[in-house]
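# Survey of secondary and tertiary structure
As a plain string of letters, each chain reads:
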Amino acid sequence: MFALQFHQFGGPEVLQVGSADTPTPRAGEIRVRVRAGGVSPVDLGLRSGTTPMSTRLSLPHIPGVDAAGVVDVVGPGVTAVAPGDEVFGTVNVARLGGAHAEFAVLRLWTHKPAAMPWAQAGAAGSSIETATRALNLLDLREGMSIVIDGAAGGVGSAAVQLAAARGAHVIGTGRSDNHAFMTELGATPTTYGPGLQHRIAALGVTKVDRALDIAGAGSLPELIEITGAPAKVVTLADFAAARHSVRISTGQLGGEPDGRHGLAEAAALFVEGRFRMPIETVFPLDQAAAAHTAAGEGSRRGKIALIVSDDRQAHDDEPRRQAPVSDTGGR
């Protein structure tokens, strides 16, 4: 099969499309012919060798944790999906990638709604899983209020919509030029940075029940003050969390059914018109280096997507670029 690969750690220029062995699904897994995938922060860290997880890689390595495609083979014990079904999801986290190829093996998946664009489906899996995991840790329920610090990026934009779907009042932080975007997603927007408690009060919000830190910009002390207790705060990105007695959420959900449930819930919300995976830019697979460059430029709105299939339908109506994009998004 063809696959995106890197043979050494480094910048986006180490990425190249070549030949690789076709994977075989194990028990509880499925193999898909990939139509689209997403570029996530973990992909950048693994490629550059800057994350401790990079030591677990065997080179050459096929990047990509998210994919959408058509089921090709089902592994032993899989009964809820069949060859020919359209699905989206994530790879087995223990393999740390493998989605950006002609074929990929998924461990977590759900059926793709017929109307969901392939680019959205391909980029959605890990953002939905991460957001669902964090909201579950916070025990976010109907009638609560939550501050999401860094609400415009891939995980943030998913978390806003999933929190709103639970019946929570969502306050999202981001750059002022992203406020209209966050409002569309269902958040009451405000800017990030010191003084957040006063800005929230100015919105007429008298109580904040929970806080989710996605930005990792040092806001934990203020988020604790806003919510009243470290136990009401979860961070995805601040590795000083332990010093503040705040929980940090990394990796997949402890139980697969929970992770799969999050994907299915988002798919159902999409059908209801209550969820979408915002896509800032779509790149073809042979321009994966440009996609990684764009994803590494910092703040953005939603996700960067890669089209793996040559089928033009996979592109849908998402914006496409042929070169790296500038920093136009939110934290």
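Remember, predicted model here, so these are calculated numbers, not experimental data.

## With respect to the overall build of the protein
Counting secondary structure elements, the protein contains 8 helices and 15 strands. For a compact globule of 331 residues, the expected C-alpha radius of gyration is about 20 Å, and the protein comes in at 19 Å, within 12% of that figure. Once the C-alpha set of the protein is aligned to its principal axes, its extents read approximately 55 × 40 × 35 Å. A burial count over the protein gives 57% of its 331 residues as buried. Split by element, the accessible area of the protein, about 13100 Å² in all, is 51% carbon and sulfur. Of the side chains in the protein, 29 bear a positive and 33 a negative charge, and the two mean positions are spaced by 3 Å.

## Here we look at the sheet that holds strand S13 (residues 247–248)
Note: strands within a sheet are paired through backbone hydrogen bonds, in either parallel or antiparallel orientation. Read from one edge to the other, the open sheet built from 6 strands follows the order S10-S9-S8-S11-S12-S13, with strand pairing classed as parallel. The open sheet is flanked by strand S10 (187–190) and S13, the only strands paired with a single partner. Here strand S9 (residues 169–173) runs beside S10; their pairing, made up of 4 bridges, is parallel. Counterpart to Gly-172 in the pairing with S10 is Pro-189.

## As for the pattern of salt bridges
This model, assessed by the stated rule, comprises 11 salt bridges. For Arg-175, the salt bridge identified is with Asp-177, shortest N-O distance 2.9 Å. Classification of Asp-177 by relative accessible area gives partly exposed; the value is 41%.

## So, the nonpolar core
Ranked by size, the top nonpolar core spans 48 residues in total, and within it Phe-88, Ile-128, Ile-146, Ile-148, Leu-162 and Leu-212 carry the most contacts. Elements with a minimum of two residues in this core: helix H2 (118–137), strand S8 (145–149), helix H3 (154–165), helix H4 (179–185), helix H7 (256–271), strand S14 (279–284) and strand S15 (303–307). At 9 residues, the largest contribution of residues to this core is made by H2. Judged by nonpolar contacts, the second largest core, of 33 residues, contains Leu-46, Leu-96, Phe-283 and Ala-291.

## Section: the environment of Leu-212
Among the secondary structure elements, Leu-212 is positioned in strand S11 (residues 210–213). The exposure class assigned to Leu-212 is buried, which follows from its relative accessible area of 0%.

## Describing the packing of H2 against H3
For the pair H2 and H3, the least separation of the axes is 8 Å and the interaxial angle reads 55°. Here H2 is positioned oblique relative to H3, judged by the angle of their axes. By crossing handedness, the relation of H2 to H3 is classed as right-handed. Listed contacts from H3 to Ser-127, Ile-128, Thr-130, Ala-131, Thr-132 and Leu-135 of H2 are Gly-154, Val-155, Ala-158, Ala-159, Leu-162 and Ala-163. For the contact of H2 with H3, the residue count by class is 8 nonpolar, 4 polar and no charged.

## Regarding the side chain of Thr-235
With respect to the helices, strands and loops of the structure, Thr-235 is situated in strand S12 (residues 233–235). A polar side-chain atom of Thr-235 sits 3.0 Å from the main-chain amide nitrogen of Asp-238. If we skip the residues at most four places from it in the chain, Thr-235 touches Asp-213, Leu-220, Ala-241, Val-246, Arg-247, Ile-248 and Ser-249.

## Focus on the domain arrangement of the protein
With domains assigned, the protein is organised as domain 1 (2–112 + 278–307) and domain 2 (131–248). The partner domain 2 presents 10 residues to the 6 residues of domain 1 that form the contact. Note on domain 1 versus domain 2: buried area summed over both sides is about 540 Å², and carbon and sulfur give 53% of it. Applying the counting rule to domain 1 against domain 2 returns 0 salt bridges. In this structure, the connection of domain 1 to domain 2 is made through 4 residue pairs in polar contact (both at pLDDT 80 or more). Here the residues of the side of domain 1 that touches domain 2 sort into 1 nonpolar, 2 polar and 3 charged.

## Side note on the side chain of His-100
In this structure, His-100 sits in the loop between strand S5 (86–90) and strand S6 (103–106). Under the relative-accessibility criterion, His-100 is labelled buried at 0%. Among residues more than four places away in sequence, those in contact with His-100 are Ala-3, Leu-4, Gly-37, Gly-38, Asp-43, Ile-62, Pro-63, Gly-64, Asp-66, Leu-285 and Leu-306.

## Focus on the packing of aromatic side chains
This structure, assessed with the given rule, holds 1 aromatic pair. When the centroid spacing of 6.1 Å and the interplanar angle of 50° are considered together, the rings of Phe-6 and Phe-9 count as tilted. Residue Phe-6 is classed as buried on the basis of its relative accessible area, which comes to 0%. Sitting over the ring of Phe-103, Arg-31 keeps its end group 5.1 Å from the ring centre.

## A few points about unusual backbone geometry
Residue Pro-60 is bonded to the preceding Leu-59 through a cis peptide linkage, with omega at 0°. Phi angles above zero are rare outside glycine, and Asp-139 is one such case at about 50°. As for its position among the elements, Asp-139 is in the loop between H2 and S8. Despite not being glycine, Ser-245 shows a phi value in the positive range, around 60°.

How each quantity is defined
Each residue is numbered by its place in its chain's sequence as written, counting from 1. Local features in a predicted model are, by the rule used here, given only for residues with pLDDT of at least 70; side-chain atom pairs are given and counted only at 80 or more, and totals for whole chains, interfaces and linings are based on all residues. To obtain the side-chain values, all non-hydrogen atoms of the structure were used and water was disregarded. Each helix is a run of H or I in the DSSP string that is no shorter than four residues. Each strand is a run of E no shorter than two, and both are numbered from the N terminus. For the radius of gyration, the atom set is restricted to C-alpha positions; the globular benchmark scales as 2.2 Å times the number of residues to the power 0.38. Burial classification: accessible surface area is computed with a 1.4 Å probe over protein chains only, and a residue below 20% of its type maximum counts as buried, one above 50% as exposed, and the rest as partly exposed. Using a 1.4 Å probe, accessible areas were evaluated by the Shrake-Rupley method; residue-level cover was limited to the displayed protein chains. Charged-residue counts in this description rest on Lys and Arg as positive and Asp and Glu as negative, His and the chain ends being excluded. Charged side chains are reduced to one point each, which is NZ for Lys, CZ for Arg, CG for Asp and CD for Glu. Two strands make a pair as long as DSSP finds a minimum of two bridges between them. Definition used for salt bridges: Asp or Glu carboxyl oxygen within 4 Å of a side-chain nitrogen of Lys or Arg. Definition used in this section: a nonpolar core is a set of buried Ala, Val, Leu, Ile, Met, Phe, Trp, Tyr and Cys residues joined via side-chain atoms within 4.5 Å. Each axis is a line fitted through C-alpha atoms, and for a helix only the stretch in contact is used; angles between axes span 0 to 180 degrees, taken between their N-to-C directions. For classification, angles of less than 35 degrees are called roughly parallel, those exceeding 145 degrees roughly antiparallel, those between 65 and 115 degrees roughly perpendicular, and all remaining angles oblique. Crossing chirality is assigned from the near helix's rotation relative to the far helix, an anticlockwise turn below a right angle marking it left-handed and a clockwise turn marking it right-handed. Pairs of residues are marked as contacts when any of their non-hydrogen atoms sit within 4.5 Å. We call Asp, Glu, Lys and Arg charged. Ala, Val, Leu, Ile, Met, Phe, Trp, Tyr, Cys and Pro are nonpolar, and the rest, Gly among them, are polar. We define a polar contact as two N or O atoms separated by no more than 3.5 Å, with the added condition that, inside protein, one atom must be a possible hydrogen donor and the other a possible acceptor, whereas residues neighbouring each other in sequence contribute only through side-chain atom pairs. Domain extents, as shown, originate in an automatic or database domain assignment. Note on terms: buried area is the combined drop in 1.4 Å-probe accessible area of two parts once they are placed together, counting the loss on both. For this analysis, a ring pair means two rings from Phe, Tyr or Trp (six-membered ring only for Trp) whose centres lie within 6.5 Å, classed as stacked if their planes differ by under 30 degrees, edge-to-face if by over 60, and tilted for the remaining angles. Charge-over-ring placement is defined geometrically: NZ (Lys) or CZ (Arg) within 6 Å of the ring centre, and within 35 degrees of the ring normal.

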